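# What the coordinates show
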Amino acid sequence: MKKIFLCHNSHDKSFVKKVHTYINKKSYFQALRFVKENKQTWLDEDEFKPGDEINQEINHQINQTNCCVIFLSEYGIGNYQIREILKLKNRYDFDKSQGVHKFDFKVIPILMPNIKDVDEVKMPDNEQIKNVIYSLKEELKIKQEEINDVYIHKTKNEIKDFLRIFSWIRINSLTKTITLLIGRSEFLSKLKKHIQSDLEHNQVVNSYNFFPVVLGGITVAGVTSLLFLLATATKPPTDDNKPSNFQLPPNFQLLIPHDHTYIMLGNFSNGLATVRKNGKSLYINKNLEETPTMKEKDFDGALDFSAPENLALAWINGQNRGYINIDGKFQIQPKYAQYMAGSFSEGLAHVCEVSTCAYINSKGDKVIEKISDAGIKKTFTGAGRFSDGLAPVKTDGKWTYIDDKGNAKFRPQFDLAYPFSEGLAPVKLGGQWMYIDKYGTAIPTISKDFTEITYFSEGLAAVKNKDDKWGYIDNQGKTIIEPQFDDDYSKRPNKYSCDATDAEQERLSRCKYLDDRRKFSNSPPLAAIYKNGKWGYIDRQGKIIIEPQFDTANPFSEKLASVCGEEKQVKMCGYIAYPYP
């Protein structure tokens with residue numbers, strides 16, 4: 001039987017599950033001509049049975065459904081969600097070619113708080129979209145060699161155009177003091193009506209104590225059960241529902257911030273960590289309390305503080321990026337566009353303007369504007385973070401490395417180049433990933449055909465093979481931990497931190513970074529891994545020390561590792577604390 005397909009980012013799973021559960025308990029949708037089962041909506045984890053082929057089952061549901069509700073939030077479009085949207089678009093294009101009216105196959109976008117229009121929804125990065133397109137290349141009728149940055153950019157625009165076709169429902173904000181009148185669900189009543197007929201106008205739902213639903217300029221009074229669900233999905237836990245199911249080894253602790261409205265927790269650096277609260281970025285200390293000087297700040301985004309400069313890249317949406325000090329004041333005024341500035345490292349930060357790059361000091365003065373390549377001064381169009389005394393730069397279409405005087409260490413030759421770590425740097429040449437030393441020499445023993453590599457940390461580097469399995473090698477290329485851990489295909493938590501910037505690329509392709517979530521720390525000597533849909537931690541022998549149970553996980557930094565999971569259908573974020581020196 002046909003059901004309403006619920007398309008969503010996994011970060012919104014808690015809320016979507018509540019919508020799914022509530023709708024199926026009520027009779028609002030039972031009059032729909034194409035919904036005749038006890039369950040009216042289709043939600044992946046509630047429908048899969050042991051042995052089901054996941055992609056095949058999702059494809060079947062998308063081909064069968066007459067209605068899809070797409071939830072779009074500030075988390076952006078998830079990697080698996082983009083796959084579903086591409087398949088929905090393919091289904092829509094096919095139906096249209098067959099003369100099927102668009103309202104016979106309905107798509108209703110739900111714009112969650114902080115998303116005012118489809119154009120504001122964040123897209124996955126190019127590499128993730130490339131992987132999805134590659135997996136659907138036969139269905140999309142595209143050859144592998146055609147999947148390039150131009151095609152990916154075109155796909156992003158087509159997805160936005162597809163979502164614009166359909167009228168949306170936008171929910172402006174949430175409230176935590178909601179009176180529930182289950183019997184008078186104006187929202188679900190309207191939603192049912194529009195699924196049965198046509199949704200001709202965008203709708204805006206405002207969250208107050210008395211909730212009006214604005215439909216085509218007419219205010220309809222009513223308290224909506226969907227708003228109740230939205231509010232309870234982000235409801236702060238009480239002392240009675242602090243995590244009890246998260247299992248940690250003896251002596252490890254899970255520290256939960258007193259303010260439960262944090263939805264994302266960053267890594268600690270110089271005693272401070274970035275957190276997300278009510279759509280804004282701020283900093284907390286190791287007592288998990290907001291730093292007093294930052295409480296009144298209003299940054300939409302902020303990165304880690306660097307040492308010893310104590311400067312962090314920060315910005316307000318719609319404005320340029322600048323560098324703030326620990327008092328939250330701009331020490332270097334905002335003048336750099338998105339992805340066109342990096343964090344400070346070894347006293348310098350790379351910045352780019354238009355199509356040229358430079359390095360600045362902590363005063364904002366440009367100290368390296370040209371590189372010296374065989375005695376010839378050249379401008380550079382790409383630049384990356386200094387590490388081990390060297391930094392990657394791009395000139396004449398290829399990457400090389402310079403020292404802090406701007407001297408090129410060897411001729412530009414690499415297609416991609418990233419900062420050094422423990423004496424080795426990940427580079428790409430002729431489609432092949434490899435590591436080079438400070439003389440530009442490739443280490444042949446580790447020039448294997450990996451599809452993805454990362455930085456060395458504590459003598460090991462995470463690498464991914466052609467089967468999409470992650471393992472670890474040492475600096476001689478010897479496999480220390482066999483590839484066995486899964487790839488979650490999701491963005492790393494801090495996607496705005498660029499290891500390098502390529503100013504010649506289109507905006508969304510400028511930021512170059514390697515996913516370092518799996519790197520080993522020294523205290524404790526553990527690394528995060530993803531297995532069977534959850535994150536956990538292993539030791540240097542590959543033994544699982546903290547069982548996979550978290551939805552997100554970061555490396556240990558200053559003996560703390562940020563994790564998020566779900567407890568009693570409420571998203572919980574905290575830090576795993578390692579108590580030993």
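What you see is a predicted model, and the numbers here were worked out from it, not measured in a lab.

Counting secondary structure elements, the protein contains nine helices and 39 strands. In the protein, which comprises 581 residues, the proportion classed as buried is 55%. In the protein, 53% of the contacts between residues at least 6 apart in sequence involve partners at least 24 apart. When the accessible area of the protein is evaluated, it comes to approximately 26,100 Å², of which 47% is carbon and sulfur surface.

Here we take up the state of the cysteines. Applying the stated rule across the entire model yields three disulfides. Across the disulfide from C352 sits C357; the S-S distance is 2.1 Å. Every disulfide takes its handedness from the sign of the S-S torsion; for C352 and C357 that torsion is 100°, giving right-handed. Both residues of the pair, C352 and C357, count as buried. Bridging C498 to C511, the disulfide has an S-S length of 2.1 Å. Because the torsion about its S-S bond is -120°, the bridge between C498 and C511 counts as left-handed. One end of the pair, C498, is in the loop between β31 (479–485) and β32 (500–502); the other, C511, is in strand β33 (residues 511–512), with 13 residues separating them in the sequence. By the burial criterion, C498 is buried, and C511 matches it. Each bonded cysteine of the protein gets a number by its place in the sequence, and the pairs then read 1-2, 3-4, 5-6. For C7, which is in no disulfide, the shortest distance to another cysteine sulfur is to C68 and amounts to 5.1 Å. Judged by its relative accessible area of 0%, C7 falls in the buried class. Counting only cysteine sulfurs, C68 is the nearest neighbor of C67, a cysteine outside any disulfide, at a range of 7.1 Å.

Next up on the list: the nonpolar core. Ranked by size, the top nonpolar core spans 33 residues in total, and within it I70, I77, I133, F162 and L163 carry the most contacts. Residues in contact with L163, not counting those within four places in the same chain, are I70, L72, I77, P109 and V118.

All right, on to the sheet that holds strand β10 (residues 262–269) then. Overall, antiparallel pairing links the three strands, which are arranged β10-β11-β12 in an open sheet. Of all strands in the sheet, those bounded by a partner on one side alone are β10 and β12 (280–284). Direction aside, the axes of adjacent strands within the sheet are offset by 25° on average.

Taken residue by residue, the protein gives an average pLDDT of 80. The fraction at 70 or more is 78%. Confidence over residues 175–186 falls short of pLDDT 50; this stretch has 28 contacts with residues more than four positions distant or in other chains. Predicted confidence is poor over residues 206–243, with pLDDT under 50, and the contacts of this stretch with residues over four places away or in other chains come to 88 contacts.

Along helix α5 (residues 126–135), the residues classified as buried are N126, Q128, I129, V132 and I133. Buried residues in α5, looked at end-on, bunch into an arc of 160°, giving them a common side.

Moving on, we get to unusual backbone geometry. Residues A307 and P308 are joined by a peptide bond in cis, for which omega reads 0°. Counting through the fold element by element, P308 comes out in the loop between β13 (301–302) and β14 (312–315). Cis geometry is adopted by the peptide bond preceding P524, which originates at S523 and carries an omega value of 0°. Tracing the sequence through the fold places P524 in the loop between β33 and β34 (527–531). Unlike most non-glycine residues, L288 shows phi in positive territory, near 60°. Relative to the elements of secondary structure, L288 occurs in the loop between β12 and β13. Judged by relative accessible area, L288 falls into the buried class, the value being 7%. Of note in the backbone geometry, E458 takes a positive phi value of approximately 55° without being a glycine. Tracing the backbone through its elements, the reader meets E458 in the loop between β28 (452–453) and β29 (460–464).

The subject of this paragraph is the sheet that holds β14. Spatial strand order, β13-β14-β15-β16: four strands in an open sheet with antiparallel pairing. What marks the edges here is a single partner per strand, and that holds for β13 and β16 (330–336). Bridge count between β13 and β14: two bridges; the pairing is antiparallel. Note that in β14 the partner of A302 across the bridge is A314.

Once that is clear, we can look at the side chain of E309. Within the fold, E309 resides in the loop between β13 and β14. R385 is the oppositely charged side chain nearest to the buried, salt-bridge-free E309, at an N-O distance of 11 Å. A polar atom in the side chain of E309 sits 2.9 Å from the backbone nitrogen of G347. Setting aside chain neighbours within four positions, we find E309 in contact with F344, E346, G347 and S362.

Applying the stated criterion across every chain yields a total of 26 salt bridges. Residue E504 is joined to K394 by a salt bridge in which the shortest nitrogen-to-oxygen separation is 2.9 Å. Of the two residues, E504 is situated in the loop between β32 and β33 and K394 in strand β23 (residues 391–395); the sequence distance between them amounts to 110 residues. Exposure remark for E504: the relative accessible area of 45% places this residue in the partly exposed category.

With that out of the way, let us pick up the pairing of β16. Pairing between strand β15 (residues 321–324) and β16: three bridges, direction antiparallel. Its bridge partner being in β16, R321 is matched across the sheet by Y336.

Parameters and conventions
- Residues numbered from 1 in each chain as written.
- Predicted model: local features only at pLDDT ≥ 70, side-chain atom pairs only at ≥ 80, totals over all residues.
- Heavy atoms only, no water.
- Helix = DSSP H or I, 4+ residues; strand = E, 2+ residues; numbered from the N terminus.
- Buried < 20%, exposed > 50% of the residue type's maximum accessible area, 1.4 Å probe, protein only.
- Contact = heavy atoms within 4.5 Å.
- Areas by Shrake-Rupley, 256 points an atom, 1.4 Å probe, with all protein chains shown as cover.
- Disulfide = S-S within 2.5 Å.
- Core = buried A, V, L, I, M, F, W, Y, C linked by side-chain atoms within 4.5 Å.
- Pairing = 2+ DSSP bridges.
- Axes fitted to C-alpha atoms, helices over the stretch in contact; angles between N-to-C directions.
- pLDDT = per-residue confidence, 0-100.
- Arc of directions from axis to C-beta.
- Lys, Arg positive; Asp, Glu negative; His and termini not counted.
- Salt bridge = Lys/Arg side-chain N within 4 Å of Asp/Glu carboxyl O.
- Polar contact = N/O pair within 3.5 Å; in protein donor to acceptor, adjacent residues only side chain to side chain.

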